[in-house]
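# A look at the structure
Here is how the chains run, residue by residue.
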Amino acid sequence: MPLGLVYPANTLSGAYSIDNSCRFDRAGTAYMNKTPGSAGNRKTFTISTWVKRGLLGATSPIFVAGSSSSVADTLFFDSADVLQIEGYNSGIDYKFATDAKYRDCSAWYHIVVAIDTTQGTNTDRMKVYVNGTQVTSFSSITYPDEDYQGSINNTVSQTVGSSTNAQRFGNTYFDGYMAETVLIDGSALAPTSFGEFSETSPTIWKPKDISGLTFGANGFYLDFEDSSNLGNDKNGGTDLTEVNLAAADQSLDTPINNFCTMNSLDNYPLSTQGTFS
């Protein structure tokens with residue numbers, strides 16, 4: 001399986017400023033969630049987030065919507081470090097699993113999932129992008145049916161960083177950092193709504209201001225700038241409830257100010273490997 005293409009994301013001059021990210025500690029069972037009071041648009045929506053992984057080789061949920069192990073929509077890295085999104089309702093309704101493995105713990109990945117099941121052509125109903133480029137090579141792919149409605153934007157738990165409320169893969173947690181984490185209710189957007197390629201270094205994908213986007217009734221915008229309320233919805237909607245997150249989990253490590261990170265893949269000799277935490 002090929003490695004995922006990683007664009008460098010060091011400090012970028014002239015880039016839109018992202019001041020903070022949020023650290024999700026798997027060992028500390030950290031996550032945040034909310035349950036909408038009414039359903040939004042369950043056919044058309046977009047998930048966008050920047051992530052920097054802290055643990056490889058383990059199922060790592062980024063965003064999960066659902067109420068039980070048998071009903072869930074899940075965006076996650078699997079135990080083979082493959083990026084997947086799937087909808088499950090007593091069986092697989094849709095699934096995208098990339099060929100690429102995303103194993104660079106020193107890089108920020110920008111992930112966009114745009115879904116519009118009203119489209120008549122199945123390949124238009126779901127698109128996945130990493131660092132501004134559409135993913136077109138998959139190890140497994142099942143498109144949703146036309147007008148399919150899953151758990152995203154439904155009146156069930158919408159969770160960032162954990163599967164604790166919809167245990168499709170057991171009770172597990174994300175480990176690493178997230179920045180500019182967004183749910184758009186009612187629009188399937190391209191990655192250019194959230195980022196752009198650098199004019200001076202055209203292989204570098206960088207964030208841009210998204211405050212002018214329309215987030216919809218159940219959408220949210222997490223910028224993690226309020227350390228006393230990391231689940232604050234900058235768009236003004238209902239905040240997400242933080243679980244096992246504190247002010248100390250606000251971080252300065254961001255897609256435009258990328259901190260050095262120890263490489264867990266470079267851990268030798270094998271007989272006396274260290275433990276990263």
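Not measured: the values here are computed from a predicted model. (Residues numbered from 1 in each chain as written. Predicted model: local features only at pLDDT ≥ 70, side-chain atom pairs only at ≥ 80, totals over all residues. Heavy atoms only, no water.)

Scanning the chain from N- to C-terminus turns up zero helices and 18 strands. Here the C-alpha atoms of the chain give a radius of gyration of 18 Å, agreeing with the 19 Å that 2.2 N^0.38 yields for 277 residues. Along the longest, intermediate and shortest principal axes, the C-alpha atoms of the chain span 50 × 40 × 40 Å. Counting the 277 residues in the chain, one finds 51% classified as buried. Working note: accessible area of the chain is about 11500 Å², and carbon and sulfur atoms make up 45% of it. (Helix = DSSP H or I, 4+ residues; strand = E, 2+ residues; numbered from the N terminus. Rg over C-alpha atoms; globule rule 2.2 N^0.38 Å. Buried < 20%, exposed > 50% of the residue type's maximum accessible area, 1.4 Å probe, protein only. Areas by Shrake-Rupley, 256 points an atom, 1.4 Å probe, with all protein chains shown as cover.)

It is worth spelling out the packing of aromatic side chains at this point. For the coordinates displayed, the defined rule picks out ten aromatic pairs. Ring centres of F63 and F220 lie 6.3 Å apart, and the angle between their planes is 45 degrees; this geometry places the pair in the tilted category. Placement of F63 in strand β4 (residues 60-68) and of F220 in strand β16 (residues 220-222) is noted, with a sequence separation of 157 residues between them. Owing to a relative accessible area of 1%, F220 belongs among the buried residues under this scheme. Of the aromatic side chains, those joined through ring pairs into one cluster are F77, Y102 and Y109. The lysine or arginine in question, R53, covers the ring of F77, its NZ or CZ lying 4.1 Å from the ring centre. (Phe/Tyr/Trp six-rings, centres within 6.5 Å; stacked < 30°, edge-to-face > 60°. Lys NZ or Arg CZ within 6 Å of the ring centre and 35° of its normal.)

What follows concerns the side chain of T98. Among the secondary structure elements, T98 is positioned in strand β7 (residues 92-101). The exposure class of T98 is buried, given its relative accessible area of 2%. One polar contact links the side chain of T98 to the main-chain carbonyl oxygen of A100, over a distance of 2.9 Å. (Polar contact = N/O pair within 3.5 Å; in protein donor to acceptor, adjacent residues only side chain to side chain.)

Before going further, it helps to examine the pairing of strand β6 (residues 82-89). Counting buried residues along β6, six of its eight residues qualify, which places the element largely inside the surrounding structure. Where strand β5 (residues 71-77) meets β6, seven bridges bridge the pair, whose relative direction is antiparallel. Looking across to β6, one finds that L75 is bridged to I85. Connecting β5 to the next strand, β6, in antiparallel fashion are four residues, including D81 with a positive phi near 70 degrees. (Pairing = 2+ DSSP bridges.)

Further remarks concern unusual backbone geometry. Positive phi outside glycine occurs at N131, with the angle close to 50 degrees. Within the secondary structure layout, N131 lies in the loop between β9 (126-130) and β10 (133-134). The class of N131 is buried, set by a relative accessible area of 2%. Residues other than glycine seldom take positive phi values, yet D147 does so here, at roughly 65 degrees. Positionally, D147 belongs in the loop between β11 (138-142) and β12 (157-160).

This next bit is on the pattern of salt bridges. Enumeration according to the criterion identifies six salt bridges in this entry. Salt-bridge contacts for K52 lead to D253; the nearest nitrogen and oxygen are separated by 2.7 Å. Highlighted residues: K52 in strand β3 (residues 44-53) and D253 in the segment after β18 (250-251), separated in sequence by 201 residues. Note on K52: relative accessible area 1%, which makes it buried. Note that K234 and D223 form a salt bridge whose closest N and O atoms lie 3.6 Å from each other. Of this pair, K234 sits in the loop between β16 and β17 (241-243) while D223 is found in the loop between β16 and β17, placing the two residues eleven residues apart along the sequence. On the basis of relative accessibility, which here comes to 40%, the residue K234 falls in the partly exposed class. (Salt bridge = Lys/Arg side-chain N within 4 Å of Asp/Glu carboxyl O.)

The predicted model of the chain has a mean per-residue pLDDT of 91, with 94% of residues at 70 or higher. pLDDT under 50 marks residues 1-10. Its contacts with residues more than four places away, or in other chains, come to 31 contacts. (pLDDT = per-residue confidence, 0-100. Contact = heavy atoms within 4.5 Å.)

Whether parallel or antiparallel, the strands of a sheet pair through hydrogen bonds between backbone atoms. Taken in spatial order, the eight strands line up as β11-β7-β6-β5-β4-β12-β2-β17 in an open sheet, and their pairing is antiparallel. The open sheet has two free edges, formed respectively by β11 and β17, since each of these has just one partner strand. In this sheet, neighbouring strand axes are inclined to one another by 15 degrees on average, regardless of whether the strands run parallel or antiparallel. Bridge count for β7 against β11 is four bridges, and the pairing is antiparallel. (Axes fitted to C-alpha atoms, helices over the stretch in contact; angles between N-to-C directions.)

Next up on the list: the environment of A190. Among the structural elements, A190 can be located in the loop between β13 (176-185) and β14 (195-197). Put simply, A190 and I111 are 79 residues apart on the chain and 11 Å apart in space, counted from C-alpha to C-alpha.

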